[in-house]
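Here is how the chains run, residue by residue.
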Amino acid sequence: MPSTQIQWFPGHMAKTRRLISENLKNVDLIIEILDARIPYSSRNPELPRLTGNKPTLVLLNKSALADPEKTKRWAEHYRSDTVRCLAIDCLTGEGINRILPTVQDILKEKTEKYESRGMAGRRLRAMILGIPNVGKSTLINKLVGNKKAKVENRPGVTVDKAWYSTSIGIDLMDMPGLLWPKFEDQIVGENLAITGAIKDAVLDIETIAMKLCGRLREQYPALMLSRYPIAKEAQELDGLSDWDLVEAIGRRRGMLISGGEVNTERTAIMLIDEFRSAKIGRITLDVLPKSKQNAKESDTNDQ
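Since we're looking at a predicted model, the values are computed, not measured.

1. A closer look at the environment of Trp 243
At step 1: Counting through the fold element by element, Trp 243 comes out in helix H10 (residues 242–252).
At step 2: Residue Trp 243 is classed as buried on the basis of its relative accessible area of 12%.

What follows is the structure in C-alpha cells.
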C-alpha cells in the first residue's frame, strides 16, 4: 500500500511572498480566490499576515463542481466586517456579474474620498491571490474580455506578477499561485493534491486516489456507489479499507493486468480525473467546523 508525505513549495513562491508585501500599498483591496471544493484547505494561512488589514473579497471559484449547500455555508462562514465572500464559477460565468458591485460596496468610503479630492472616476486596483490552479488567470480573462493571462489546467503556470486592465473599471495585479512551506495538517495537503493544486508529477497518485476514496466513503457514499457500484448498500463500504476501495473500483471497471490483478495506477488516474471533472458528482471535501455548524443549526431552530 503506497504512502507519502505531501509538501510542495518551489522557489518562486518565496519570491511571491515578498512581492505581496512590496506591492500591497499599490492596491485598494485583495481578491482572494479559493477552490469551492476545498474552501478551508485552499485558504493560505499566511495571507492575513502578508495582507494586513487590507479589505478582502473572497471568491469561492469552481462552485459548479462543488456541493451547492456546503458552498452556501462556507460563504456565510467567511463573511465578516472586513471580508466579503461570493460563490462564482469562472467557466460557467456564475456569479461573475456580482464582483464589481461587491467591490464598489467594499470600497465605497475610499471612492467617496477620491471624489472629494477631485479624483472621480479613478480606477480601482485589486491584487489577485490564491493557490496554484485555482482559476486566477481564467477569472482575469473573464474580466478583461479577451485571453491575455496564460491559462493551463496545471499549477505553477504564472511565476511573476502582472497588471491587467478589465472592462469593469478595476485594474488587477495577478500574483503567482502561492502555497505555504509546511502543511501542518496532512488532510489539507491531501485535499490540495486531490483537486490539482499540487503538481501531479511530485505525488504518489495511488495514495491520492486512496485518500479520495476515503473521503467519498465518509461524506458521499451514495454518489460513490452510483458511479462505482462496488456494493449494494453504503454500509457494506465500512468493512473495506481505503486501498480496498481503489482495488474494488479498478476491478469493477475491468482495469486488470496479467494474472487478474488490478492496475492500481491506471485506476488511480481515472478516479482523480473523474473527481476533478465532477463525473462522480458535485463534491466538497472540506467540512465546516462543528462549532459553526452547531451555531447555524441553533439559529435555524430559533427562527
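The discussion continues.
2. Some thoughts on the packing of aromatic side chains
At step 1: Per the stated rule, a full pass over the model turns up one aromatic pair.
At step 2: Residues Trp 74 and Tyr 78 carry aromatic rings whose centres are separated by 5.7 Å and whose planes lie at 35° to one another, so their mutual orientation is tilted. Of the two residues, Trp 74 and Tyr 78 are both situated in helix H3 (residues 68–78); the distance of four residues between them amounts to about one turn of the helix.
At step 3: Exposure remark for Tyr 78: the relative accessible area of 9% places this residue in the buried category.
At step 4: In this structure, Arg 43 packs its charged tip against the face of Tyr 78, placed 4.6 Å from the ring centre.

3. Observations regarding the packing of helix H7 (residues 186–195) against helix H8 (residues 205–219)
At step 1: The interhelical angle for the contact between H7 and H8, taken along N-to-C directions, is 105°, at an axis separation of 10 Å. If you check the angle between H7 and H8, you find them roughly perpendicular. On H8, the residues touching Ile 187, Glu 190, Asn 191, Ala 193 and Ile 194 of H7 are Ile 208, Lys 211, Leu 212 and Arg 215.
At step 2: Of the residues belonging to the contact of H7 with H8, the class tally is five nonpolar, one polar and three charged.

4. Overview of the nonpolar core
At step 1: Formed by 62 residues in total, the largest nonpolar core has its most connected members in Ile 31, Leu 57, Leu 59, Leu 139, Leu 192 and Leu 271.
At step 2: Beyond its immediate stretch of four places on either side in the chain, Leu 271 contacts Ala 209, Leu 212, Cys 213, Tyr 228, Val 246, Ile 249 and Ile 280.
At step 3: Counting residues in each nonpolar core, the second largest holds twelve residues, with Val 27, Leu 47, Met 173 and Met 175 among its members.

5. Brief notes about the pairing of strand E5 (residues 162–165)
At step 1: Alignment of E5 against strand E6 (residues 170–174), held across four bridges, turns out to be antiparallel. Note on E6: the bridge partner recorded for Tyr 164 is Leu 172.
At step 2: Between the antiparallel neighbours E5 and E6 lie four residues, among them Gly 169 with a positive phi of about 85°.

6. Some thoughts on the sheet that holds E6
At step 1: The sheet built from six strands is open, its strands ordered E3-E2-E1-E4-E6-E5 with mixed pairing. The sheet is open, and its two borders are formed by strand E3 (83–87) and E5, each paired with just one other strand. The mean inter-strand angle of the sheet, taken between neighbouring strand axes irrespective of direction, is 25°.
At step 2: Taken together, the five bridges between strand E1 (residues 29–35) and strand E4 (residues 124–130) define a ladder with parallel strand orientation. Bridge assignment links Glu 32 to a residue of E4, and that residue is Leu 129.

Procedures and definitions
Residues numbered from 1 in each chain as written. Predicted model: local features only at pLDDT ≥ 70, side-chain atom pairs only at ≥ 80, totals over all residues. Heavy atoms only, no water. Helix = DSSP H or I, 4+ residues; strand = E, 2+ residues; numbered from the N terminus. Buried < 20%, exposed > 50% of the residue type's maximum accessible area, 1.4 Å probe, protein only. Phe/Tyr/Trp six-rings, centres within 6.5 Å; stacked < 30°, edge-to-face > 60°. Lys NZ or Arg CZ within 6 Å of the ring centre and 35° of its normal. Axes fitted to C-alpha atoms, helices over the stretch in contact; angles between N-to-C directions. Parallel < 35°, antiparallel > 145°, perpendicular 65-115°, else oblique. Contact = heavy atoms within 4.5 Å. Nonpolar A, V, L, I, M, F, W, Y, C, P; charged D, E, K, R; others polar. Core = buried A, V, L, I, M, F, W, Y, C linked by side-chain atoms within 4.5 Å. Pairing = 2+ DSSP bridges.

That's the geometry; what it means functionally is another story.
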